[in-house]
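Here's the letter readout for the chains.
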Protein chains: 2
Amino acid sequence: MFKEILQRIVEQSNGVGAVLMGYDGIAVEQVLTDNQTVDSHLIAVEYANVLKELKKAASIMNAGDVEEVSINTGKFFVVLRLLTPEYFVALTLNKGGNLGKAKYLVLRETPTLQAELA
Amino acid sequence: MFKEILQRIVEQSNGVGAVLMGYDGIAVEQVLTDNQTVDSHLIAVEYANVLKELKKAASIMNAGDVEEVSINTGKFFVVLRLLTPEYFVALTLNKGGNLGKAKYLVLRETPTLQAELA
């Protein structure tokens, strides 16, 4: 189920956490490593807002559907991958993490997550 | 000036276009290759909205400042790099383009763009 898939992504990427969530900002499932002081509900809502803007932007630009977004902040790498019109997965890494591997792992688990969501 | 820098980024990355713009959605300068049917003003406004949401998200998540965002759509790769609290640069590539090289080129020109903006 979702928890095992997210756990696998987080472990193999040395990630901080992974969340499967809807565009309504409600997390379906999440895995967070220890020592996380972040408010995951707030994060969910914020990610969802960012992706809603992105989907709107891509549609206006006639750019095809948004498939993946990587965000590089002062502290984290975040990989967002869109799974269905309602759900997406977000993986957060510490700045020293391997972004390429993280993107690969998320992509590899995408069909499994999509099958579970279907 | 800005035009030469953007031109260099677009040429060396084989990009579709590059824009230097403010968060108010107004483009300071832009370079578009031929055959572009996109409405660059609409794009500017949409990019700016996405980045505003991202900055808010990063602040709420206590994730440090947003530095760079890559977006992968059905047709394009887009690299957004934040230059100052008011301005950012956006480079768009066709899907077959080299995203790694594009990110490198944008990063390489960042100090030059920042110096021009100061």
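Everything numeric here is computed off the predicted structure, so don't read it as measured data.

Draft legend 1. Fine view of the overall build of chain A. Regarding its fold elements, chain A presents three helices and five strands. The order of helices and strands in chain A, counted from the N terminus, is α-β-β-α-β-β-β-α. At 13 Å, chain A has a C-alpha radius of gyration in line with the 13 Å of a compact globule built from 118 residues. Projected onto its principal axes, the C-alpha coordinates of chain A cover approximately 40 × 35 × 25 Å. Out of the 118 residues in chain A, the part that is buried amounts to 50%. Restricting to contacts in chain A with at least 6 residues of sequence separation, those with at least 24 account for 51%. Carbon and sulfur atoms provide 51% of the accessible area of chain A, an area that totals close to 5300 Å². A gap of 6 Å separates the mean positions of the 11 positive and 14 negative side-chain charges of chain A.

Draft legend 2. Region of the structure containing the sheet that holds strand E4 (residues 76–82) of chain B. Taken together, the ten strands give an open sheet; going across it, the order is E2(A)-E1(A)-E5(A)-E4(A)-E3(A)-E3(B)-E4(B)-E5(B)-E1(B)-E2(B), and neighbouring strands pair in antiparallel fashion. Either end of the sheet is taken by a strand with one partner, and the two such strands are strand E2 (27–32) of chain A together with strand E2 (27–32) of chain B. Here the strands of the sheet are splayed against their neighbours by 10° on average, with no regard to which way each runs. In the sheet, strand E3 (residues 66–73) of chain A pairs with strand E4 (residues 76–82) of chain A via five bridges, with the strands oriented antiparallel. When the sheet's bridge partners are listed, Ser 70 of chain A is paired in E4 of chain A with Val 79 of chain A. Lying on the sheet, helix H1 (residues 2–13) of chain B is in contact with strand E1 (17–22), E2 and strand E5 (87–94) of chain B; it crosses E2 of chain B at an angle near 35°. With respect to the sheet, helix H3 (residues 99–117) of chain B is in contact with E1, strand E3 (66–73), E4 and E5 of chain B, its orientation differing from that of E4 of chain B by roughly 30°.

Draft legend 3. Inspection of helix H1 (residues 2–13) of chain A at higher detail. Residue and element names in this part refer to chain A. Taking 1.5 Å of rise per residue, twelve residues should cover 16 Å, and H1 covers 17 Å from first to last C-alpha, within 8% of that figure. Elements in contact with the buried residues of H1: strand E1 (17–22), E2, strand E5 (87–94) and helix H3 (99–117). Positioned one or two residues after H1, Asn 14 has a phi angle of 55°, which is positive.

Draft legend 4. Local environment of the interface of chain B and chain A. Taken residue by residue, the interface counts 32 residues in chain B and 32 residues in chain A. When the buried surface of chain B facing chain A is broken down by residue, Glu 46, Met 61 and Asn 72 of chain B rank first, second and third, together holding 21% of it. The tally of links from chain B across to chain A stands at two salt bridges. A salt bridge links Glu 67 of chain B to Lys 95 of chain A, with the nearest nitrogen and oxygen atoms 3.0 Å apart. At the level of elements, helix H2 (40–60), E3 and H3 of chain B are the ones that each hand at least two residues to the side of chain B that touches chain A. Here the element with the most residues in the side of chain B that touches chain A is H2 of chain B; it accounts for twelve residues. Its residues placed into classes, the side of chain B that touches chain A shows 16 nonpolar, seven polar and nine charged. Pairing analysis gives seven bridges linking E3 of chain A to E3 of chain B, with the strands arranged antiparallel. Across the sheet, Ile 71 of chain A pairs through a bridge with Val 69 of chain B, a residue of E3 of chain B.

Draft legend 5. Seen up close, the confidence of the model for chain A. Per-residue pLDDT for chain A has a mean of 87; in total, 91% of the residues score no lower than 70. In the predicted assembly, ipTM is 0.85 and pTM is 0.88.

Draft legend 6. How the structure looks around the environment of Val 45 of chain A. Residue and element names in this part refer to chain A. Mapped onto the fold, Val 45 is located in helix H2 (residues 40–60). The partly exposed category is assigned to Val 45, whose relative accessible area is 27%. Taking the C-alpha atoms as reference points, Val 45 and Tyr 23, 22 residues apart in sequence, are found 8.0 Å from one another.

Draft legend 7. Main features of the side chain of Asn 72 of chain B. Within the element layout of this structure, Asn 72 of chain B appears in strand E3. Those residues within four positions of Asn 72 of chain B in sequence are excluded, and the remaining contacts are Asp 65, Val 66, Glu 67 and Glu 68 of chain A together with Phe 77 and Lys 95 of chain B.

Draft legend 8. Spotlight on the packing of H1 of chain A against H3 of chain A. Residues and elements named next belong to chain A. Interaxial distance between H1 and H3 falls to 10 Å at its minimum, and their mutual angle equals 175°. It follows from the interaxial angle that H1 and H3 lie roughly antiparallel. Along its contact with H1, which presents Phe 2, Ile 5, Arg 8, Ile 9, Gln 12 and Ser 13, the element H3 presents Lys 101, Ala 102, Leu 105, Val 106, Arg 108, Glu 109, Thr 112, Leu 113, Glu 116 and Leu 117.

Here is what the cut-offs are and how they apply
- Here the residue index of a chain counts from 1 through its sequence in written order.
- Numbering of ligands from 1 and lettering of chains from A proceed in the order in which they are written.
- Totals for whole chains, interfaces and linings use every residue, but because this is a predicted model, local features are given only for residues with pLDDT of at least 70 and side-chain atom pairs only at 80 or more, for both listing and counting.
- In computing side-chain values, all of the structure's heavy atoms are included and hydrogens and water are not.
- In DSSP terms, a helix is any run of H or I states spanning at least four residues, a strand is any run of E spanning at least two, and both are numbered starting from the N terminus.
- The globule rule used for comparison is 2.2 Å times the number of residues to the exponent 0.38, while the radius of gyration itself is calculated over C-alpha atoms.
- Here the term buried applies to any residue with accessible area under 20% of the maximum for its type, exposed to any over 50%, and partly exposed to those in between, with areas from a 1.4 Å probe on protein chains only.
- Note on contacts: a residue pair is in contact if any heavy atoms of the two residues lie within 4.5 Å.
- Computed with the Shrake-Rupley method and a 1.4 Å probe, the accessible areas treat only the protein chains shown as cover for residues.
- As used throughout, the charge tally considers Lys and Arg to be positive and Asp and Glu to be negative, leaving His and the chain termini uncounted.
- Charge positions come from single atoms, namely NZ of Lys, CZ of Arg, CG of Asp or CD of Glu.
- For two strands to be treated as a pair, DSSP must find no fewer than two bridges joining them.
- Axis definition: a line fitted to C-alpha atoms, over the contacting stretch in the case of helices. Angles run 0 to 180 degrees between N-to-C directions.
- A helix's residues, less one, multiplied by 1.5 Å, set its expected span.
- Buried area: the accessible surface (1.4 Å probe) lost by two parts on joining, summed over both.
- Note on definitions: salt bridges are taken to be side-chain nitrogens of Lys or Arg within 4 Å of carboxyl oxygens of Asp or Glu.
- Gly counts as polar in this scheme, as do all residues outside two lists: the nonpolar Ala, Val, Leu, Ile, Met, Phe, Trp, Tyr, Cys and Pro, and the charged Asp, Glu, Lys and Arg.
- Residue-level confidence of the predictor is summarised by pLDDT, bounded by 0 at the bottom and 100 at the top.
- Any angle from 65 to 115 degrees is called roughly perpendicular, while one under 35 is roughly parallel, one over 145 is roughly antiparallel, and all others are oblique.

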